[in-house]
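Structural characterization, general
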Amino acid sequence: MSAIRDLFNRHLHCTLAKDVSVATERDYYLSLSYTVRDHVMSSWHKTHREYYAKDPKRIYYLSLEFYVGRSLTNMMINLGIHGLCARSLYNMGLRMEELEDVEVDAGLGNGGLGRLAACFLDSMATLALPGYGYGLRYEYGIFEQAIRDGFQEELPDDWLKFGNPWEVPRPEYILPVQFYGDVKWLDDGSFNWEDGQIVLAVPYDTPVPGYRNNTVNTMRLWSARSPNSFDLSYFNHGNYIKAVLDRNLAERISMCLYPNDNFFEGKELRLKQEYFLVSATLQDIIRRYKHFRTGMKDRESLERTNFDLLPMKVAVQLNDTHPSLAIPELMRILVDQEGLEWDQAWEICTSTFSYTNHTILPEALERWPVTLLERVLPRHLMIIYEINRRHLDHVTTLFPGDLDRCSRMSLVEELGEKSVNMAHLSIVGSHTVNGVAEIHSNILKESTFRDFYEMWPQKFQNKTNGITPRRWLLQCNMPLANLITEYIGEGWITDLDQLTKLTQFLDDDVFVQRFMQAKMSNKRKVAKMLRKDYGIEVNPNSMYDIHVKRIHEYKRQLMNLFHVITLYNRIKANPRGQFTPRTVIIGGKAAPGYYMAKMIIKLITSVADVVNTDPDICGRLKVIFLVNYRVSLAEKIIPACDLSQQVSLAGTEASGTGNMKFQINGALTIGTLDGANVEIAERVGEDNIYIFGMKVDEVDELKAKGYDPVSFYEENPELKKVIDMIRDGYFSPDCKDRFHNLIDTITVHGDRFCVLADYADYIKVQEQVSEDYLDQKNWARRCIINVANGGFFSSDRTIKQYADEIWNAKPVPIRDEDEAGASDVSA
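What counts and what doesn't
- Residues numbered from 1 in each chain as written.
- Predicted model: local features only at pLDDT ≥ 70, side-chain atom pairs only at ≥ 80, totals over all residues.
- Heavy atoms only, no water.
- pLDDT = per-residue confidence, 0-100.
- Contact = heavy atoms within 4.5 Å.
- UniProt positions renumbered as here; feature names shortened; annotations may be inferred.
- Helix = DSSP H or I, 4+ residues; strand = E, 2+ residues; numbered from the N terminus.
- Axes fitted to C-alpha atoms, helices over the stretch in contact; angles between N-to-C directions.
- Parallel < 35°, antiparallel > 145°, perpendicular 65-115°, else oblique.
- Nonpolar A, V, L, I, M, F, W, Y, C, P; charged D, E, K, R; others polar.
- Pairing = 2+ DSSP bridges.
- Phe/Tyr/Trp six-rings, centres within 6.5 Å; stacked < 30°, edge-to-face > 60°.
- Buried < 20%, exposed > 50% of the residue type's maximum accessible area, 1.4 Å probe, protein only.
- Arc of directions from axis to C-beta.
- Core = buried A, V, L, I, M, F, W, Y, C linked by side-chain atoms within 4.5 Å.
- Domains from an automatic or database assignment.
- Salt bridge = Lys/Arg side-chain N within 4 Å of Asp/Glu carboxyl O.

1. Overview of the confidence of the model for the protein
Here the protein averages 94 in pLDDT, and 95% of its residues register 70 or above. Contacts from residues 296–302, a stretch scored under 50 in pLDDT, to residues over four places away or in other chains number 8 contacts.

2. Concerning the UniProt feature "modified residue: N6-(pyridoxal phosphate)lysine" (unreviewed entry) in the protein
As annotated by UniProt and renumbered to match this structure, "modified residue: N6-(pyridoxal phosphate)lysine" (unreviewed entry) occupies K661. Checked against the element boundaries, K661 lands in helix α26 (residues 658–664). Excluding anything up to four places from it in sequence, K661 contacts R115, I467, W472 and I638.

3. Re the packing of helix α22 (residues 509–534) against helix α33 (residues 776–788)
Taken N-terminus to C-terminus, the directions of α22 and α33 make an angle of 85 degrees; their axes are 10 Å apart at the nearest point. Classified by the angle their axes make, α22 and α33 are roughly perpendicular. In contact with D509, F511, V512, F515 and M516 of α22, α33 contributes Q776, K777, A780, R781, C783, I784 and V787. In terms of residue class, the contact of α22 with α33 is built from 8 nonpolar, 1 polar and 3 charged.

4. Describing the sheet that holds strand β13 (residues 367–369)
With respect to topology, 3 strands assemble into an open sheet ordered β13-β15-β14, the strand pairing being antiparallel. Lying at the two open borders of the sheet, with one neighbouring strand each, are β13 and β14 (412–413). Bridge count between β14 and strand β15 (residues 419–421): 2 bridges; the pairing is antiparallel. By the bridge assignment, E413 is partnered in β15 with S419.

5. Looking at the packing of aromatic side chains
For the structure on display, the rule yields 26 aromatic pairs. Ring plane angle 35 degrees and centroid distance 5.4 Å describe the contact between F505 and F511, whose orientation is recorded as tilted. Considered together, F505 and F511 belong to a single accessibility category, that of buried residues. Through a chain of ring-to-ring contacts, the aromatic side chains of Y60, Y132, Y134 and W222 assemble into a single cluster.

6. Focus: the environment of N248
On the secondary structure map, N248 appears in helix α8 (residues 240–251). Note: C-alpha distance between N248 and E363 (115 residues apart in sequence) is 31 Å.

7. Considerations on helix α18 (residues 438–448)
Those residues of α18 that sit buried are I439, H440, S441, I443 and L444. Contact partners of the buried residues in α18: β16 (432–435), α19 (450–455), β17 (460–462), α27 (677–684) and α28 (696–705).

8. Concerning helix α4 (residues 82–91)
The set of residues buried in α4 consists of H82, C85, S88 and L89. Along α4, the residues classed as buried sweep out an arc of 130 degrees about the axis, all on the same side. Summarising the geometry of α4, the exposed residues directed more than 90 degrees from the buried face are Y90 and N91. The secondary structure elements touched by the buried residues of α4 are α1 (2–15), α2 (25–54), α3 (72–79), α5 (96–100) and α21 (478–488). G93 lies just past α4 and shows a positive phi near 85 degrees.

9. Observations regarding the nonpolar core
Counting 128 residues, the largest nonpolar core has I484, W492, L502, F562, L621, L626 and I726 as its most contacted members. Ranked by residue count, the leading element in this core is helix α24 (residues 595–613), at 11 residues. Formed jointly, this core draws a minimum of three residues from each of two domains, domain 2 (55–70 + 105–462) and domain 3 (537–780). Apart from the residues within four sequence positions on either side, I726 is in contact with F562, I565, L603, F731, F739 and I743.

10. Section: the pattern of salt bridges
By the definition in use, this model includes 59 salt bridges. Notably, a salt bridge pairs D6 with R5, separated by 3.6 Å at the nearest N-O pair. Residue D6 is classed as partly exposed on the basis of its relative accessible area of 44%. With a relative accessible area of 38%, R5 lands in the partly exposed category. Between E329 and R332 there is a salt bridge, with the nearest N and O atoms lying 3.0 Å from each other. Of the two residues, E329 and R332 are both situated in helix α12 (residues 326–337); the distance of 3 residues between them amounts to about one turn of the helix. For E329, a relative accessible area of 0% gives the class buried. Residue class for R332 comes out buried when judged on its relative accessible area of 11%. Among the charged side chains, a network of salt bridges with common partners joins R170, D205, R220, D284, R287 and R288.

Pasting the structure below:
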């Protein structure tokens, strides 16, 4: 403890230039963070010494988002110093919990795709795999959500305002990235892309420690910088604004995270972000590869690099289509810069890349207009055309005369605005394509990418998503984690399948009682937080019914809200009746331009205002909208959950990972057979999950014969009353027609996500939930069964499957002893 204390004080006095007489809580947080970072440095150096000594195959995970949340607690837990630091702080009169709450969530992600990427980095390090995460260092995150008069407002998420103690800038590895310009055809038949705008990519490295295994991998994020920090010629002529604007145009690229991973917006800035990421990353990968192939750094020797070995030393995973421009970019590097023949370069390229698909929603699939690509990335459009020409020649050879198939499989879509389909590019340019849940992968093969599957069945795999148990159980739910460790030992932390041992305690009354006490402890913490932050008193003995995820029509928050209003009406009709008390908690952000999602938030808050103030309800039903939902808030809410809402229409959610987090924290799921719900149901058994609604084939059948949502409205009196109340202004007396457009989407405009069709079954299953919750002991036993069967949903399992079946990458254990020799963790 004395070593921790001494380091802490040294950073307070020397790094921050403060002493206890003037230090703030933020100063103490920073001092602790620098102390923890000092502990990670030794293993970071050891890790990269070992990588340089062994020269293993390295995994590069490219993602526009890494939703890491807070880092301090996770770092301490993985390094094995959390308890030591807590005791040291206590002896200095400081509380760990207060300092942990000072840290802001890193503004590097939005939803499930980014959180998955963060879990994968944790698992790669814990499995001792040589893995790197590459992304963008956004100065501003998605946005900070505020609620004004029930409406969402977006405020800047200035998460870097006080600096970031976890990142290490690497200005010595700055790289140029080019946009615009012209393509010149040279006399030797090669091409030269020139006269473009140059933006500099500045790398910032963050250590990613594995769990107590000495491995510390790297997340490298790129920040955009103008090559000319200030043009004095403009300034000297009095045009200061022009001088500043030129610089800002370049640096806008990494300024702000786009708030939509389920809706594609074809904006030029987004395209530039995607190319900026892949160009800088591939330059970095090639630099590192060349260093190991030659052992020298002089230019003459680098020109003799053998790139045939690249796929044996490099695996690049494309996290959705956002980094898919890496495919033409690598071809440009190999053909234009390194002088390889096209066929050789293409073989190297397709053997290096693999692609993960995360959505089947048409509005989320990227299609870039040809006119935009031609202006911003002219050489890449030429390369894409050539890839497409050769690809269609191959299709024609295999399926002669099938012009419709050629049209469907083309990378370039001619109907409407001529565009490049980035999913098609990703499939053609990768050796493996995977979905993220069993049902999702089957839909890709049978429907979305059926033509490609028929052509390359060997390319398609499933890799069901997972979550890291270090953050999503050990860190966020210490009461339950400590109980599990007491009964079955610590092995589950890195081998989540060991949770199955908990089934032997299902009939142990003491264990079941202590499990219930752990849950109640978490529920009381949330009740205290809600009282403090929202001024709302909730009953910890009520059922915590939680629905937290991005606000989107396909997530069907509306269906949840219809149930809330149905309960409200039933209580109003029978004020003295017996009802299972519920606290319904809904949280999530709507993309700023997504009108319907923002109106759903307004409806939630409006219903909450009515329900929470109605004296007839008497606390039996409470509705709370969580403001600014984020990772750190999820870590508090999820352990307290009794009922997890996963209610998307079957066939629309790729996987989900929130469902997994709730499951291993001891909640029961109510959901459709969609995404990973299918696999959760298979493992926990139908008696331990609440499944409702249509299956995928039933949805297809309903829509094929002509879905008429109005018929469901007319035939169900309770549903009709709910919709009429919303439409007639019961929850918006100040503006009776406020929710007309929202209701019209499900009654007049087709109810795309079949809320009305699934309503009756949802209400029926919710009635069973209310009845079952009254038997607390049996409810707890079923929750234990869910926890015990959560091992499959570890991201460790997912990453091991990627490593074995896609990347062909092996672990590189890091020895514990100190070793002589220098290392450069930035290389």
